[in-house]
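Breakdown of the fold
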Amino acid sequence: MKVAFIGLGNMGFPMAGHLAAGGHEVTVYNRTAAKAEAWVAKHGGACAATPAAAAEGTEIAFVCVGNDDDLRSVVFGADGVLAGLASGAILVDHTTASAGIAREIAEAGGDSGIGFLDAPVSGGQGGAEGGVLTVMVGGHAATFERARPVIDCFARAVTLMGDVGSGQLTKMVNQICIVGIIQGLSEGLDFGRRAGLDVSRVVEVISKGAAQSWQMDNRSGTMIEDSFDFGFAANWMRKDLRICLDEAGRNGALLPTASSIEQNYGRLHERGEGRLDNTALIRLLRTP
Ligand SMILES: NC(=O)c1ccc[n+]([C@@H]2O[C@H](COP(=O)([O-])OP(=O)(O)OC[C@H]3O[C@@H](n4cnc5c(N)ncnc54)[C@H](OP(=O)(O)O)[C@@H]3O)[C@@H](O)[C@H]2O)c1
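The rules behind each value
Residues numbered from 1 in each chain as written. Predicted model: local features only at pLDDT ≥ 70, side-chain atom pairs only at ≥ 80, totals over all residues. Heavy atoms only, no water. Helix = DSSP H or I, 4+ residues; strand = E, 2+ residues; numbered from the N terminus. Buried < 20%, exposed > 50% of the residue type's maximum accessible area, 1.4 Å probe, protein only. Contact = heavy atoms within 4.5 Å. Axes fitted to C-alpha atoms, helices over the stretch in contact; angles between N-to-C directions. Left-handed = near helix turned anticlockwise from the far one by under 90°. Nonpolar A, V, L, I, M, F, W, Y, C, P; charged D, E, K, R; others polar. 1 Å grid on protein atoms, 1.4 Å probe; cavity = no way out; pocket = protein on both sides within 12 Å on 5 of 7 lines; lining within 4 Å. Points joined across faces, edges and corners; volume = space filled by probe spheres on them. Salt bridge = Lys/Arg side-chain N within 4 Å of Asp/Glu carboxyl O.

Our focus in this paragraph is the side chain of H24. Position of H24 among the secondary structure elements: in the loop between α1 (12-21) and β2 (25-29). The class of H24 is buried, set by a relative accessible area of 16%. Excluding residues that lie within four positions of it along the chain, H24 makes contacts with M1, V3, L19, V150 and C153.

Laid out in structure tokens, this is it:
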């Protein structure tokens, strides 16, 4: 299939690579052109000067940029993806963004006969590199069925959750669940250290019981070592929590824990630690 990929960041670069490896004809666009050139040097395909030019003549255009505003700037306008796609084509957005922008894009594309799926991912950079992401999708079932085999190139689970916006809403639940665990793990590890325990041994023991979690299995070691120069950035998690809090403002959900953790990420950002992995929350307890 002829496809386009817009946004070759930590996630998009390997995701687009899996599309090429899957036999698709890929045209890429990246704001910083050097990354697009590096991608073509590694995977073949072509690069374009604008999102519209990349999308032109493709059946599916994928996007993976930072936030709502970034999405607006690559999707709308004369140089935007929607301007390049023809009627019958599909736009798949892998950015973690609001459900509102998903509906806005779906409506704008719908006017020109372009299908839209909001399809945020979970699994991190490692999942993108390994082609084993979890993808939660919102949109029409027929559009989903057409895009699904292509999304499969970089995913191990692709699930339609409901109408447009449902993918983003599902990702919000994901982030709300994760941050509570990271904060709890931070508090437990810091408490254990201050109590004079060997926290690595504590984790070894309690990870075999009800305290076990993905974060405990995969991140407690690096948290104990105070190593955070990898992974999903604290600033990205803060952005995601703000989206959740905005949505909660509309649907009436109470998010006392997520709300206080959003402030903690704000403090990390102010301390210049916003680019560290999102498990750096423990630093606020170590050196308040
Ligand atoms: N990293 C993870 O572990 C992870 C996991 C799950 C979900 N996500 C989500 O996936 C999305 C991408 O994350 P990432 O880690 O790949 O981010 P990233 O490495 O910072 O890459 C962001 C990409 O978006 C492009 N971009 C940003 N603003 C733009 C704009 N205004 N116009 C055009 N292009 C723009 C950047 O272009 P330049 O190269 O020119 O800067 C870059 O290609 C985010 O929504 C994030 O929350 C990330």
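The next point concerns the packing of α1 against helix α2 (residues 33-43). At a closest axis distance of 11 Å, the pairing of α1 and α2 adopts a crossing angle of 35 degrees. Viewed along their axes, α1 and α2 form a crossing whose handedness is right-handed. Of α2, the residues touching α1 (which contributes F13, A16, G17 and A20) are K35, A38, W39, K42 and H43. Looking at the contact of α1 with α2 residue by residue, the classes come out as five nonpolar, two polar and two charged.

Before going further, it helps to examine the layout of surface pockets. Its boundaries defined by the atoms lining it, the second largest pocket holds a volume of some 160 Å³. Among the elements of the structure, α4 (68-75) and α12 (234-251) are those that each provide at least two residues to the lining of the second largest pocket. Take the lining of the second largest pocket: its biggest share by element is five residues, from α12. Tallied by class, residues from the lining of the second largest pocket come to one nonpolar, two polar and six charged.

So, on to the pattern of salt bridges. Opposite charge on two side chains allows them to pair when their charged atoms are near. Counted by the stated rule, this structure contains 14 salt bridges. Taking the shortest distance from any N to any O, the salt bridge between E262 and R238 comes out at 3.4 Å. With E262 in helix α13 (residues 256-270) and R238 in helix α12, the pair connects residues that are 24 residues apart, well separated along the chain. Summarising the burial analysis for this pair, E262 and R238 share the class buried. Here R271 and E273 are joined by a salt bridge, their closest N and O atoms 2.8 Å apart.

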